[in-house]
Amino acid sequence: MPTLTEYVPDAPGEMGDRVFVVDQSRCIGCQACVQACEECGTHRGHSMMQLDFIDRGATVQTVPLICMHCADPTCAEVCPADAIKQNEDGIVQSSLKPRCIACWNCVNACPFGIPKKMFELDQMMKCDMCYDRSSVGLAPMCASVCPSQALWFGTPQEFDATRTGVLEDTMVFGGQYVRTKVQVVVHEPGPVAVAPGRRYTHWTDDPFGLDEGPAEADVSRDWPLAPALSAAQQRQAGPGAWPVAHGAGAGAGAGGVGGSAAGDAGDSRTEGARP
Amino acid sequence: MARPPLTEEELVARYGPHLNTAPPGGWSADADIDRMVRTHCCFCGQQCGIILKVADDEVVGFEPWYEFPFNEGKLCPKGVKRYLQGNHPDRLLEPLERDPAAPRGFREVSWDHALDRVAREIRRIQAENGKDSFAILNGASLTSEKAYLIGKFARLAIGTSNSDYNGRLCMVSAGHGYNKAFGVDRAPNPWSDIPRADVVFVAGANIAECAPITTSYIWRARDNGARLIVADPRVTPIARTADVFLGLRPGTDSALLGSILHVLVERDWVDHEFVDAHVEGFEEAAAAVAGYTPAWASDVTGVPAARIEEAAEIWGTAASGMILHARGLEHHTSGVDNVSAAINLALATGRIGRPGSGPCMVTGQGNGQGAREHGNKSEQLPGMRRIDDPEARAYISEVWGCTDEELRGKGYSAEEIVWAIDRGEIKGLLSICFNPVVSLPDSNTTRRALEKLEFFAVVDFFLSETAFHADVVLPGSLQEEGEGVVTTLEGRVVKINEAKPPPGNARRDVDIFCDLAGRLGAGRYFPYRDTREIFDELRVASKGGVADYYGMTWERIEEENGIFWPCPEEGHPGTPRLFEDRRFRTPSGRARMVPVAFRPPAEVVDSEYPVWLTTGRVVSQYLSGTQTRRIGPLVKQYPEPLCEIHPRLAREHGIESGDVVRVSSRRGTMTLPATVVSTIRPDTVFIPYHWAGDRAANQLTNPALDPESRIPEFKTCAVRVERVGPGGATVDRRDYETRTGDAPDTGDAPNTAAGGVPGEAPGPATPPGSGT
Ligand code: SF4
Ligand code: SF4
Ligand code: SF4
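Residues numbered from 1 in each chain as written. Chains lettered and ligands numbered in written order. Predicted model: local features only at pLDDT ≥ 70, side-chain atom pairs only at ≥ 80, totals over all residues. Heavy atoms only, no water.

**Student:** Hey, could you run me through the overall build of chain A in this one?
**Tutor:** Helices and strands together make up the secondary structure of chain A, namely seven helices and nine strands. Expressed as a percentage of its 275 residues, the buried residues of chain A come to 52%. A separation of at least 24 residues holds for 53% of the contacts in chain A among residues at least 6 apart in sequence. (Helix = DSSP H or I, 4+ residues; strand = E, 2+ residues; numbered from the N terminus. Buried < 20%, exposed > 50% of the residue type's maximum accessible area, 1.4 Å probe, protein only. Contact = heavy atoms within 4.5 Å.)

**Student:** Which parts of the structure should I look at to understand the environment of Lys495(B)?
**Tutor:** Residues and elements named next belong to chain B. You can see Lys495 is positioned in strand β20 (residues 492-496). Spatially, the C-alpha atoms of Lys495 and Ser340 are 32 Å apart, while their sequence positions differ by 155 residues. Leaving out residues up to four positions away in the same chain, Lys495 has contacts with Thr39, His40, Glu483, Gly484, Val485, Trp554, Ile557 and Glu558. Separated by 2.7 Å, the side chains of Lys495 and Glu483 make a polar contact. Separated by 2.8 Å, the side chains of Lys495 and Asn497 make a polar contact. (Polar contact = N/O pair within 3.5 Å; in protein donor to acceptor, adjacent residues only side chain to side chain.)

**Student:** Before we go on, may I ask you to explain the site of ligand 1 in this structure?
**Tutor:** The local shell around ligand 1 holds 14 residues, among which Cys67(A), Cys70(A), Cys75(A), Cys110(A) and Lys126(A) are the closest. Of the residues contributing to the shell around ligand 1, the split by class is eleven nonpolar, two polar and one charged. (Near = heavy atom within 4 Å. Nonpolar A, V, L, I, M, F, W, Y, C, P; charged D, E, K, R; others polar.)

**Student:** Can you help me understand the pairing of strand β23 (residues 611-616) of chain B in this one?
**Tutor:** Working note: regular strand, side chains alternate between the two faces of the sheet. Residues and elements named next belong to chain B. Counting buried residues in β23 gives six out of six residues, a clear majority hidden from the surface. Burial along β23 is two-sided: the face carrying Val611, Leu613 and Thr615 and the face carrying Trp612, Thr614 and Gly616 are both buried. Taken together, the three bridges between β23 and strand β30 (residues 717-725) define a ladder with antiparallel strand orientation. Within β30, the position partnered with Trp612 by the bridge is Ala718. Looking at chain direction, β23 and strand β27 (residues 684-688) are connected through five bridges and run parallel. Bridging across to β27, Thr614 finds its partner in Phe686. (Pairing = 2+ DSSP bridges.)

**Student:** Honestly, the pattern of salt bridges in this entry has me stumped. Any pointers?
**Tutor:** Where charged atoms from two side chains of opposite charge approach closely, those side chains can pair. Residues and elements named next belong to chain B. On inspection of all chains with the given rule, the structure shows 66 salt bridges over all chains. Ionic pairing is found between Asp112 and Arg519, a salt bridge with its closest N-O pair at 2.7 Å. One end of the pair, Asp112, is in helix α3 (residues 111-129); the other, Arg519, is in helix α19 (residues 509-519), and 407 residues separate them in sequence. Relative accessible area serves as the criterion here: at 27%, Arg519 is assigned to the partly exposed category. We note a salt bridge from Arg393 to Asp404, for which the minimum N-O separation is 2.8 Å. Separated by eleven residues along the polypeptide, Arg393 in helix α15 (residues 390-400) and Asp404 in the loop between α15 and α16 (414-422) bring together distant segments of the chain. Residues joined in a network through salt bridges with shared partners are Glu97, Asp99, Arg107, Arg117, Glu121, Arg124, Glu128 and Glu454. (Salt bridge = Lys/Arg side-chain N within 4 Å of Asp/Glu carboxyl O.)

**Student:** Please clarify how the nonpolar core should be interpreted in this entry.
**Tutor:** The nonpolar side chains of a soluble globular protein tend to be buried, and buried together. Counting residues in hydrophobic clusters, the biggest one holds 212 residues, and the most contacted among them are Phe153(B), Phe182(B), Phe201(B), Ile218(B), Leu246(B), Leu430(B) and Phe526(B). Counting residues per element, this core draws most heavily on helix α4 (residues 144-158) of chain B, at eight residues. When sequence neighbours within four positions are dropped, the list of residues in contact with Leu246(B) reads Phe201(B), Ile229(B), Val230(B), Ala231(B), Asp232(B), Leu256(B), Ile260(B), Val303(B), Arg307(B), Ile308(B) and Ala311(B). By size, the runner-up hydrophobic cluster in this structure holds 38 residues, among which are Ile91(A), Met171(A), Val178(A) and Val184(A). (Core = buried A, V, L, I, M, F, W, Y, C linked by side-chain atoms within 4.5 Å.)

**Student:** Would you take a moment to explain the domain arrangement of chain B for this structure?
**Tutor:** How big an interface is tends to be expressed through the accessible area that disappears when the partners come together. Residue and element names in this part refer to chain B. Each domain of chain B was delimited in the assignment, giving domain 1 (19-85), domain 2 (96-170 + 368-480 + 506-545), domain 3 (172-361) and domain 4 (611-741). Here the C-alpha centroids of domain 1 and domain 2 sit 29 Å apart. With seven residues of domain 1 in contact, the opposing surface of domain 2 contributes four residues. Taken together, domain 1 and domain 2 are joined by one salt bridge. In this structure, Arg82 and Glu480 form a salt bridge, with 3.1 Å as the shortest nitrogen-oxygen distance. Along the contact surface separating domain 1 from domain 2 lie three residue pairs in polar contact (both at pLDDT 80 or more). Along the lines of polarity and charge, the residues of the side of domain 1 that touches domain 2 split into three nonpolar, three polar and one charged. (Domains from an automatic or database assignment.)

**Student:** Help me out: how do you make sense of the site of ligand 3 in this one?
**Tutor:** As a matter of local geometry, ligand 3 sits amid Cys41(B), Phe43(B), Cys44(B), Gln46(B), Gln47(B), Cys48(B), Leu75(B), Cys76(B), Lys78(B), Gly79(B), Pro212(B) and Ile213(B). Looking at the shell around ligand 3 residue by residue, the class counts come to eight nonpolar, three polar and one charged.

**Student:** Sorry, what's going on with the sheet that holds strand β5 (residues 106-108) of chain B here?
**Tutor:** The pairing of strands in a sheet comes from backbone hydrogen bonds and takes either a parallel or an antiparallel form. Residues and elements named next belong to chain B. Overall, mixed pairing links the seven strands, which are arranged β5-β4-β18-β17-β16-β6-β7 in an open sheet. Both outer strands of the open sheet, β5 and β7 (163-165), are each paired with one neighbouring strand and no more. Strand after strand, the sheet turns through a mean of 20° between neighbouring axes, direction not considered. The pairing of strand β6 (residues 134-138) with strand β16 (residues 428-432) spans four bridges and is parallel. In the strand pairing of β16, Ala135 is matched with Leu429. Strands β4 (96-98), β6, β16, β17 (455-460) and β18 (472-475) of the sheet are contacted by α3, whose axis makes an angle of about 130° with β18. (Axes fitted to C-alpha atoms, helices over the stretch in contact; angles between N-to-C directions.)

**Student:** Teacher, can you tell me more about the packing of aromatic side chains here?
**Tutor:** Two numbers describe a pair of aromatic rings. These are the distance of the centres and the angle of the planes. Residue and element names in this part refer to chain B. For the structure shown, the criterion picks out 23 aromatic pairs over all chains. Ring centres of Tyr148 and Trp400 lie 6.1 Å apart, and the angle between their planes is 70°; this geometry places the pair in the edge-to-face category. Residue Tyr148 is located in helix α4, and its partner Trp400 is located in helix α15; the two are separated by 252 residues in the primary sequence. Given the relative accessible area of 0%, Tyr148 is considered buried. (Phe/Tyr/Trp six-rings, centres within 6.5 Å; stacked < 30°, edge-to-face > 60°.)

Structural data, given as structure tokens:
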């Protein structure tokens, strides 16, 4: 794709059939999207992106939140000043400055929590899918930089050729069905119920095998653990193998190779000794 | 005695880190862009292509460089905000000399004065104590031209054997492992091979945070149906989606990998045809793991035996596979062995020199590959030649027009240089691109050693915590303030283009070293009129070596979006994938499997220090943070170190997320907020290392070295954890308004949700895991 300065936009409003896709399962939480959003020409210095941990205590899974550009935008519906407009590409824009009365109805009503209160400007601003870029065939800033491509911009054909996952554009919030221009990747077809449901691989409940018996990573166990090797296995393990011959629970570091007093351990293996 | 002239707090107040938050002129400035400079990000070994927007000789922003094939426009947050360092208020603009009487602790001096003093001190110290009593430390974030120049400078201008670099903390274990196996220290595959692999095994590599763009390669492999195995003491963002997660105890990597090899051999998932024809040492390597049953390894590593078998089956039965490893394997006293154990899995299954198959180190630092090839490290001459190889010495002395004696010999490694300073053997030091006070283990010892120096000169663009100790500070240049090449983690040589000149009276690093060489009476060896002449000499010096650049020109490198070495003659297309011909650069021509017996870490837990500590990085910071701790939006993303601790261990100590905890080892103590997360082993805590002073994780780490690579054991030591009290205002709030006048923005919990509008919802900072 051409870069912005080289690209001569023909007619504005030309996003064509390009789609914006969010695949949360790919997100690595790096916040490149958040940082790059701030660099976008239409709202420099203000990031319209949000990046959330679902529950950092339990998982590193993160969720990038961009405006979903709803077909029937709730934000615009609740705006008493008719300040939020949708353009011919279906992009829901920031409030029009002369109209916006900073009532924050939109902020409260958006099912995705997207619009931002810009106190210093006294208006609502939001993601406009980098319309300066997307209208000339360039990916928005967030999808341009996203290292994992959890945020992706391109044609449906490109999507099918390079990526997996089912695209879905309908979310259900209780009784409200919301259809969006932005597509999310799901694993099965059908509207996305936004409330519960976590997907596990078989180990995610117990990443460290705490419930799997002998290998339990119990914090109270002393190191080194005594591996239960047979005498034959010990012989096979050969010289330099980790020692096995001291009793379980013996004062840690008390016996065997590498069990030398931990404070100066390492010297025996590092010629060129410490002073 | 190189003591800081003022207290650390006073120096920080004067020289930073302060935070730059907005482009030159502020966000509303609508500067006319004069140039769009295609170059690369300086902040990791991936060297993403990036277009810097330049107005009035300042970098004011960036534009994604979609056509550069490695990253196609992608950047991590460091790349996005990297442009904020150029016109940073902390930039050093004049040469400085320590003066405790001066209000700022240093006084500005002329270049002549500064350089003459450096030259005089070098000669004085050497006259009194011998040539090797003056050492030089350099770094792998320098361009290859700078690294080459500094290696030559150390030997021909200073005349010391003691020149080493901070890649000693990074790539040396991998280098030794690959040299032993293949005779070449480079990732054998281009990254475009990753999506072609049937199985991707990530071992000790936090891809998402330390090589973020590689994520997209792994996800593409997943799109193509690849299985994913991850071995790590923490559930990293990549691990989250793995088919098999091997959550091993820190320091037990070779037991885990050895056990997988054990299963491969036992189940005969071995490519005998390949092994018979191209490998030596298979029998010995197999014998070394004969006792490494999954049951045994399970006890040592803490990984359930069934998962080890499952990983072995996935790896053993796939048609192709890549094993990607990084510092998680390598930062150990058994670092080289761990790397060999990873390579063994690839060689036993014939996975080398084919699409989608190979072991690959994930190089970390900006020019972590290129700046370890051309003679700036202690045992090396340009072209990845060994300094103890008589042929190499003869060739390089011919290229340089010097005597064999002048080349000097193998010197101390980085950590050993510090030890030699501590015992008074090395008395003078010149340092560039290295912040050992933060990045070396056991920082209390490092600081004490620096204070013993008779003379210490630093070249840097910011006054790093190490430069606090300097007698003379020479203001140097950023990557974007000069030209040259770097070599990416793929082995691809790419072109760095100059976006802007150095600010004020700062000079380009190459000019500083050439000028200093002249003052040391070695000008005849450094006649370069520009950096291109250095590159052209480097090409010749590398000719015939392992890392052969002879066929490259700056023009070709740019036209072809980089060239993979070796590229031995003009017109040679370069070598994206090594060993397609199955000819290895070992003496026998065969790839070598090295028998690996598990050795426990140098320090193990006991009743006094019962918890393992492992250290690492976060995505928003780079190395010792000299640059990234000065970039406001990056600091905001993860403002201070947090101690990751499992709920089970936390419960034992009554610790809740956000509480302040004290972590102590035999070497030091630090207090920091805890974040209680079940994504780390219950017997292990994690602290990222990018911060200085009382926030430095390296106060705790163990300086024990790998016997071969001399890499320190950053990834494992024994600590004690105690609760100090509830969380307080420990978050870094140093003048957030440095440039913008923005009020300090503390509305976002560290490491949780950024992107809040500055000024919105201010409140106490809450660490992650506290549930927002
Ligand atoms: S996501 Fe929210 S802000 Fe965006 S269009 Fe829908 S309702 Fe409006
Ligand atoms: S840039 Fe991409 S991977 Fe990073 S946080 Fe944003 S969506 Fe996630
Ligand atoms: S730090 Fe690395 S991943 Fe991030 S933008 Fe720079 S080169 Fe790319």
